[in-house]
Amino acid sequence: MTSTYVSLRASSEEQLLDAAKTMKQRFKEQPARCEVVPAHFQQEEMAHSAAPLVYDSMNKATPMLGRALAKQMPYTSNNIYEPSGIEVGIHHDRDEPTIVDPYLRGMGYNMMVFGKIGSGKSTTSKKILTQLKKRNPEMNVVLIDPLEGLAGPSKLFDAEQIVVGGETGLNPLEIKETPEEKLSVVGRTTPFSEAMERFISFVETFYDLEGRELEAEKKNVWEKAGRRAYNEKGITKDPGTHGNESPTLRDAIQEIAHIAGVGDNPEIHQMGDLLDADLSETDVPLRTREAAERVLSEDIEAFRTRYRHFTKETGFDLNAHGGSFYLDLQLKEGKGETGLMLGLLLTSVYEMAKESDDPTMILIDEAQYLTKHADNLTFLEQVVRHSRHYDLSLLFSTQSISEFYAKDDEGTSALKSQAEVIFNNSSMMCFHHLDDMTPEFGSEIGLNAEEATFVNSALPGDKDRGYSEMLLAVDEDGTRECYPQRVEMSMDVNPVEFSIVDYEPSDHGNWHDYLERQLGDRFADGQPSSDESESETEEHRSVMAADGGEQQ
């Protein structure tokens, strides 16, 4: 146990307040990282306790943690250094780089970065991605960005920008052929089962966003329609059929109409732009036909209007343009359907990754849009569970941890079952400042009380300070080892990396002009001129037109 008391003196009240403010800030920063508690209404006891050789009247002792001792003897504080890895940060206690190779872990290749707005979360995500891409130039990179926060990496990787929404096709029934060597690991029936589960997860999320109840009989109708849509394309559980053209949501709606047996019902035929003329079906129970009629008359109008792009084929190919894509969801900022879009984008990339000969990294920025929907968590569980078999890594960047928890009947918070699978298949987790991190939450994911407190009080990113604080949790043979970090990012320490991370098109304009302003002589020779760069960028930026072509 240890006690530390500090007394301040000044010639004026204003100077005293300034000194107190400075002192509190200094104690919070490296290397002290202490919280200062004022002695309100205990001035006399404080004066006794702070005076030399006087009895400790305050009696405010606190445990000295192992980390505090390690500050005096740095060699006792563990660090991790893997020559094949990347620098994640600077060890908080030892002042030396922490080097981690996420691909050496046994729990999968997925990574998670947590932190509230301004905590340094986005900086860490971009730093990890940039270093991994530099280490493996052949790696496919897919940036899924709801709020235009990944513009810098997208320029660096010369990624094809696709503005998602509007008329860009996204197919919830997409399925791709799985290579034989991967089937021997995941199982021959798994790909089709996964495709059906993802489709139903999409339907459930859609109903949730629309505020509609997905009653059991309606869900049964959608399941039947999905299977029949696949069968119409010759796609079954046999993986050899998965190279066939995938059905679309329009095909599934057509199958619902067949189940309903709507015949000449004029109300249903108002959906003529979604349905074909031949709509006869009798070989289903009456209650199923009635449920199918309710789906057609009550639920699918949105797929004729704002969700029309979900009835089309997916409008991009991971194996084109060098495998780098910037999927820009900025048109959907603040809207509930962003979670639906993110889920479908992840579905499309997951299926395409099966066919790729190169590893694939997906960075999902602001992933809270995706994880706050329980049905999306179920889908994420599936993707994460099998990602390593397809050389697929997911890097989630999210503002909160609370959506991964639920309260039981006794009011105790526990990790959701789907979330537990996601955490258990993540090789590395980075925790920046989180208001909602508690010892109770921390214990569910392998953090002790001191580590949870570190996360809760971690310093956010600050350009003047030049760093943010973060707790790194790494899988070590099935257990989590934690390393307190400083993530340094400034023009003085790492100017090139800082410029990439800091770039915002709306603030900084042309990418190459910006780099020249930022880096001066350090800007690499031989870079294309600004005009050439903008011209090339325009060639890679497309919004899919209503007829399936491209608008340049």
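Since the model is a prediction, treat every value here as computed from it, not as a measurement. (Residues numbered from 1 in each chain as written. Predicted model: local features only at pLDDT ≥ 70, side-chain atom pairs only at ≥ 80, totals over all residues. Heavy atoms only, no water.)

Student: Honestly, the side chain of Asp365 in this entry has me stumped. Any pointers?
Tutor: Note that Asp365 resides in the loop between strand E7 (360-364) and helix H13 (368-371). No salt bridge is formed by the buried Asp365; its nearest oppositely charged neighbour, Lys121, is found at 4.4 Å. Within the structure, the side chain of Asp365 is placed 3.4 Å from the side chain of Ser397, a separation counted as a polar contact. In this structure Asp365 touches Lys121, Ser122, Ile144, Asp145, Pro146, Gly149, Leu150 and Ser397, once residues within four positions along its chain are discounted. (Helix = DSSP H or I, 4+ residues; strand = E, 2+ residues; numbered from the N terminus. Buried < 20%, exposed > 50% of the residue type's maximum accessible area, 1.4 Å probe, protein only. Lys, Arg positive; Asp, Glu negative; His and termini not counted. Salt bridge = Lys/Arg side-chain N within 4 Å of Asp/Glu carboxyl O. Polar contact = N/O pair within 3.5 Å; in protein donor to acceptor, adjacent residues only side chain to side chain. Contact = heavy atoms within 4.5 Å.)

Student: How should I be thinking about the packing of aromatic side chains in this particular structure?
Tutor: Remark: the centre distance and the inter-plane angle together describe each pair of aromatic rings, the angle taken between the planes. Scanning the model with the defined rule gives 19 aromatic pairs in all. Seen in terms of ring centroids, Phe206 and Tyr207 are 5.6 Å apart; in terms of plane orientation they differ by 85°. Their pairing is edge-to-face. The exposure class assigned to Tyr207 is buried, which follows from its relative accessible area of 1%. Taken together, a centroid distance of 5.0 Å and an interplanar angle of 70° make the contact between Tyr503 and Trp511 edge-to-face. The same class applies to Tyr503 as to Trp511, namely buried. (Phe/Tyr/Trp six-rings, centres within 6.5 Å; stacked < 30°, edge-to-face > 60°.)

Student: How should I be thinking about the sheet that holds strand E8 (residues 392-398) in this particular structure?
Tutor: Two pairing modes exist for strands in a sheet, parallel and antiparallel, and in both the strands are linked by backbone hydrogen bonds. Judged by pairing direction, the sheet is mixed, and its 11 strands sit side by side in the order E2-E1-E13-E12-E11-E3-E8-E7-E4-E6-E5 without closing on themselves. This sheet does not close on itself; its edge strands, each paired only once, are strand E2 (97-100) and strand E5 (160-163). Taken over all neighbouring pairs, the strand axes of this sheet differ in orientation by 25° on average, direction set aside. With four bridges joining them, E5 and strand E6 (residues 324-328) adopt parallel strand pairing. Within the sheet, the bridge partner assigned to Val163 lies in E6 and is Asp328. Here helix H4 (residues 121-135) sits on the sheet and contacts strand E1 (86-91), strand E3 (110-114), strand E4 (140-145), E6, E7, E8, strand E11 (426-431), strand E12 (467-476) and strand E13 (479-488); the angle it forms with E3, its principal contact strand, is near 155°. Sheet strands in contact with helix H17 (residues 449-457) are E11, E12 and E13, and its direction is about 150° off that of E12. (Pairing = 2+ DSSP bridges. Axes fitted to C-alpha atoms, helices over the stretch in contact; angles between N-to-C directions.)

Student: Sorry if this is basic, but what is going on with the pattern of salt bridges here?
Tutor: Pairing between side chains becomes possible if they bear opposite charge and their charged atoms approach one another. In the structure shown here, the tally under the stated rule is 19 salt bridges. We note a salt bridge from Asp95 to Arg486, for which the minimum N-O separation is 2.7 Å. One end of the pair, Asp95, is in the loop between E1 and E2; the other, Arg486, is in strand E13, and 391 residues separate them in sequence. Looking at Asp95, the relative accessible area reads 52%, which means it is exposed. On the accessibility criterion, Arg486 (8% relative accessible area) is buried. Between Lys116 and Asp435 there is a salt bridge whose closest N-O contact spans 2.9 Å. One end of the pair, Lys116, is in the loop between E3 and H4; the other, Asp435, is in the loop between E11 and helix H16 (439-444), with 319 residues separating them in the sequence. With a relative accessible area of 32%, Lys116 lands in the partly exposed category. Each member of the salt-bridge network shares a partner with another, and the members are Arg212, Lys218, Glu298 and Asp299.

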